[in-house]
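# A structural walkthrough
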Amino acid sequence: MRARKGFTYGVTQEELRRHNLSTLLRYVHEHGPTSRAVLTASMNLNRSTIGALTADLSSAGLVEEELPGQHLGAGRPSLVVVPRAAHVYALAYMIGVDFVVAARVGLGGQVLDRRELYRPRGDYDLEDVMGHLERFTGELLSADDIPPGALCAGVGAAVPAAVRSADGMLRFVPNMNWDDWGDAPLGDILHRRLMETFGIAAPVAVGNDADLGALAERTRGAAVGCDDVVYLVGEVGVGAGVIAGGEAMSGHDGYAGEVGHMVVNPSGRLCRCGARGCWETEIGEPAILAAAGHADGRRATVAELVAEATAGDEKAVRALEHIGSWIALGVANIVTVFNPSMVIFGGLFDDVFPAVQGQIRTNLLSGSLGVVREGVRLVTPGLGADSTLIGAAEKAFEPLLADPLGFLQQTARNSAVAG
Ligand SMILES: [Zn+2]
């Protein structure tokens, strides 16, 4: 692109400026406080341009500049650009079959405050879950540490469901009360209730839990720098978020990655989806607990089971071996199809992984296809149990990060209309 005497080719100066503002804000959001010198080098722009961009973001209230803590070199210290985490935040929600989590996540990705509820599995209806989310949100928004004028930049919700990418509609929620959750326009419902109850008009994004876990792990977890990643999440159901060639693989409508419903055992148990022998009927939370004879167990029971096996309890060891063999079978299929450089074991699998990783590796390397599967790294989430929650926040921040000034102008217009 070239600009000459008022003529521009391809991209206008204003478009270029907006692009650079987005790149700079995204950089400090993902990398944390960064000196102007490092920004100058990594964005390949000159110092005065970085200074002007930083001034724009600073006067918009999105970043602030600080002197570096220690300055050892000669010359003037390079100012450090810091995302204003307390002033600019996202609301992140994680809805599961047996849990509801709500958090306030600051620009920069840090969880500032959270509320959570873990309870026995059950067919909780939409209104029940919305009630908890509303109560949690009220508590999060009335915290003393929120500075005046703070901006809620977006709302993200992670659900164990097939989410239609076009409009955020839940299309397939096999492990929740289908009559109630099926075809629920969750994004619209959240948007309306947050507006009515709290006056929050921020954009709402709804995503599949595994897809959001993959996004978070690649942005700031175990998979930073990896372009081919499979993030597996096991709860009551099982799903995968797949990143291929650096892009999230969503499928035509957004439903890709429903690996929990790969049929692995046609003579096995009936699945909540209606098919028989889906992978999640062999490795989901109910299957893990049933294998150990804890049919009425809760989520924590899985961690207890792993502890029993580690302590040498034979029944627990046998149960995990049984589960491990089914996990290994499915993982080998997934690795064969996607050739990822990394598979991340999230949710319950984070607990189970140490006990079954040997089986998974052995199975991957067996047979002649071992040579194409040997390079894959098997890891647990860098963000621990929070991958999905952080992923919901990442998705919530996206409109702001994509066009910071455009987003703020739109927000101002919306509040002028509302006011
Ligand atoms: Zn199924």
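Predicted model only: the values in this text are computed from it and were never measured.

### A short note on helix 3 (residues 47-59)
- When the terminal C-alpha atoms of helix 3 are compared, their 18 Å separation across 13 residues agrees well with the 18 Å that a helix rising 1.5 Å per residue should span.
- Listing the buried residues of helix 3 in full gives I50, G51, L53, T54 and L57. On an axial view of helix 3, the arc spanned by its buried residues comes to 170 degrees, and they lie on one face. Relative to its buried face, helix 3 has exposed residues pointing more than 90 degrees away, namely S48 and S59.

### What about the coordination of the zinc ion?
- The protein atoms that coordinate the zinc ion are H261 (ND1), C271 (SG), C273 (SG) and C278 (SG), at distances spanning 2.0 to 2.3 Å.
- For C271, a relative accessible area of 7% puts it in the buried group.

### Section: the sheet that holds strand 9 (residues 151-159)
- Pairing is mixed across the open sheet formed by 5 strands, whose spatial order is 8-7-6-9-12. Both edges of this open sheet fall to strand 8 (111-118) and strand 12 (204-208), since each of them pairs with a single strand only. Mean inter-strand twist for the sheet, computed between neighbouring axes without regard to direction, equals 15 degrees.
- Here strand 7 (residues 99-106) runs beside strand 8; their pairing, made up of 7 bridges, is antiparallel. When the bridges of strand 8 are listed, A102 appears paired with R115.
- Seen against the sheet, helix 14 (residues 387-402) touches strand 6 (88-95), strand 7, strand 8, strand 9 and strand 12 and runs at an angle of roughly 135 degrees to strand 6.

### Quick word on unusual backbone geometry
- Located in the positive-phi region is N44, a residue other than glycine, with phi close to 60 degrees.
- As for its position among the elements, N44 is in the loop between helix 2 (36-43) and helix 3.
- Given a relative accessible area of 69%, N44 falls into the exposed group.
- We note that N339 has phi near 45 degrees; this positive angle belongs to a residue other than glycine.
- Locating N339 in the fold gives a position in the loop between helix 11 (314-338) and strand 16 (342-347).

### Section: the pairing of strand 12
- Most of strand 12 is tucked away: 4 of the 5 residues are buried.
- Of the strand pairs in this sheet, strand 9 and strand 12 are connected by 5 bridges, and their pairing is parallel. Note on strand 12: the bridge partner recorded for A158 is G207.

### Thoughts on the packing of aromatic side chains
- A complete count under the given rule lists 2 aromatic pairs for this structure.
- When the ring of F99 is compared with that of Y118, the centres are 5.4 Å apart and the planes differ by 40 degrees; the resulting orientation is tilted. Placement of F99 in strand 7 and of Y118 in strand 8 is noted, with a sequence separation of 19 residues between them.
- With relative accessibility at 43%, the residue Y118 sits in the partly exposed group.
- Positioned above the aromatic ring of Y89 is the side chain of R104, whose terminal nitrogen or guanidinium carbon lies 5.6 Å from the ring centre.

### Here we look at the pattern of salt bridges
- One pass over the full model with this rule turns up 21 salt bridges.
- In this structure, E134 engages R193 in a salt bridge whose closest nitrogen and oxygen atoms are separated by 2.9 Å. Highlighted residues: E134 in helix 4 (residues 126-141) and R193 in helix 6 (residues 186-198), separated in sequence by 59 residues.
- On the basis of relative accessibility, which here comes to 24%, the residue E134 falls in the partly exposed class.

Criteria and thresholds
Residues numbered from 1 in each chain as written. Predicted model: local features only at pLDDT ≥ 70, side-chain atom pairs only at ≥ 80, totals over all residues. Heavy atoms only, no water. Helix = DSSP H or I, 4+ residues; strand = E, 2+ residues; numbered from the N terminus. Expected span 1.5 Å × (residues − 1). Buried < 20%, exposed > 50% of the residue type's maximum accessible area, 1.4 Å probe, protein only. Arc of directions from axis to C-beta. Donors = N, O, S within 2.8 Å, 3.2 Å for Na, K, Ca; no water. Pairing = 2+ DSSP bridges. Axes fitted to C-alpha atoms, helices over the stretch in contact; angles between N-to-C directions. Contact = heavy atoms within 4.5 Å. Phe/Tyr/Trp six-rings, centres within 6.5 Å; stacked < 30°, edge-to-face > 60°. Lys NZ or Arg CZ within 6 Å of the ring centre and 35° of its normal. Salt bridge = Lys/Arg side-chain N within 4 Å of Asp/Glu carboxyl O.

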